[in-house]
Amino acid sequence: MASTTPSQPQQINVADLDLQQLSDVRRQLEEELNHLTNSFAQLKQAQAKFKSCIENVGEVKPQNKGTTILVPLTNSLYVPGHLSDAENVIVDVGTGYYVKKSRAQATKYYETKVEYIRTNLDTLQETIQKKQENMSYLVNVMQAKLQQSQAQSSKV
């Protein structure tokens, strides 16, 4: 009995598969590409949100102390408020937790988040590119097999 390593996926030459199996692989690749593309778009949105937060923190200045501002409660609901502390801001650190930070600390926090997302976007972009190359190769193999089967059926 041969031993196989469970951590290593088995590699199969797609040229050895029949058209039905190739079609199944293509559908699976399309689903993966769709999921990865959606994830990429969501990460881009999150990155834009953090960049917006950096700009918003930059707008909190000592000379604006005591001015009336609109405080966001949700994405579409704002209430009027007064800026009483222009040196510190409240930062949403996730899962319902908020932390008081200085403007510089908040800016650094959001810049770190933007950079982290950028590295994830780069990695995800490489993965999407590889999947697209795999899809292109798979489509070429499928077309070659279709032409081969049509040539054989026309000889009969």
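All of these numbers come straight from a predicted model, not from anything done at the bench.

Asks: I'm lost on the overall build of the chain in this one. Help?
Replies: From N to C terminus, the chain includes two helices and four strands. Listing the helices and strands of the chain from first to last along the sequence gives α-β-β-β-β-α. For 156 residues, the compact-globule formula gives about 15 Å, and the C-alpha radius of gyration of the chain, at 26 Å, lies well above that figure. Taken along its principal axes, the extent of the C-alpha atoms in the chain is 90 × 40 × 20 Å. Taken across its 156 residues, the chain has 19% of its residues classed as buried. Taking the intrachain contacts of the chain between residues at least 6 apart in sequence as the baseline, contacts between residues at least 24 apart amount to 56%. Accessible area of the chain: about 11900 Å², with a carbon and sulfur share of 52%.

Asks: Hey, could you run me through the packing of aromatic side chains in this one?
Replies: Here a ring pair, both rings aromatic, is described through the centre-centre distance and the interplanar angle of the planes. Scanning all chains against the criterion turns up two aromatic pairs. When the ring of Phe 50 is compared with that of Tyr 110, the centres are 5.9 Å apart and the planes differ by 35°; the resulting orientation is tilted. Of this pair, Phe 50 sits in helix H1 (residues 19-59) while Tyr 110 sits in helix H2 (residues 103-155); the two residues are 60 residues apart in sequence, bridging distant segments of the chain. Plain terms: the ring middles of Tyr 109 and Tyr 110 are 5.4 Å apart, the flat faces sit at 70° to each other, and that makes the pair edge-to-face. The class of Tyr 109 is buried, set by a relative accessible area of 18%. We classify Tyr 110 as buried; its relative accessible area is 6%. Site record: aromatic cluster; members linked through ring pairs are Phe 50, Tyr 109 and Tyr 110.

Asks: Before we go on, may I ask you to explain unusual backbone geometry in this structure?
Replies: Working note: non-glycine residues mostly have negative phi, and peptide bonds are mostly trans. Despite not being glycine, Thr 95 shows a phi value in the positive range, around 45°. When you line up the elements, Thr 95 lands in the loop between strand S3 (88-94) and strand S4 (97-102).

Asks: Help me understand the packing of H1 against H2, please; the structure alone is not making it clear to me.
Replies: To describe two helices that pack against each other, one gives the angle between their axes and the distance between the axes. It is the contact of H1 with H2, at a shortest axis distance of 8 Å, that shows an interaxial angle of 160°. Here H2 runs roughly antiparallel to H1, going by the angle between their axes. Of the two possible hands of crossing, H1 and H2 adopt the one that is left-handed. Across the contact of H1 with H2, the residue classes break down as 26 nonpolar, ten polar and eleven charged.

Definitions and limits used
- Residues numbered from 1 in each chain as written.
- Predicted model: local features only at pLDDT ≥ 70, side-chain atom pairs only at ≥ 80, totals over all residues.
- Heavy atoms only, no water.
- Helix = DSSP H or I, 4+ residues; strand = E, 2+ residues; numbered from the N terminus.
- Rg over C-alpha atoms; globule rule 2.2 N^0.38 Å.
- Buried < 20%, exposed > 50% of the residue type's maximum accessible area, 1.4 Å probe, protein only.
- Contact = heavy atoms within 4.5 Å.
- Areas by Shrake-Rupley, 256 points an atom, 1.4 Å probe, with all protein chains shown as cover.
- Phe/Tyr/Trp six-rings, centres within 6.5 Å; stacked < 30°, edge-to-face > 60°.
- Axes fitted to C-alpha atoms, helices over the stretch in contact; angles between N-to-C directions.
- Parallel < 35°, antiparallel > 145°, perpendicular 65-115°, else oblique.
- Left-handed = near helix turned anticlockwise from the far one by under 90°.
- Nonpolar A, V, L, I, M, F, W, Y, C, P; charged D, E, K, R; others polar.

Remember, this is a structural readout, not a statement about activity or role.
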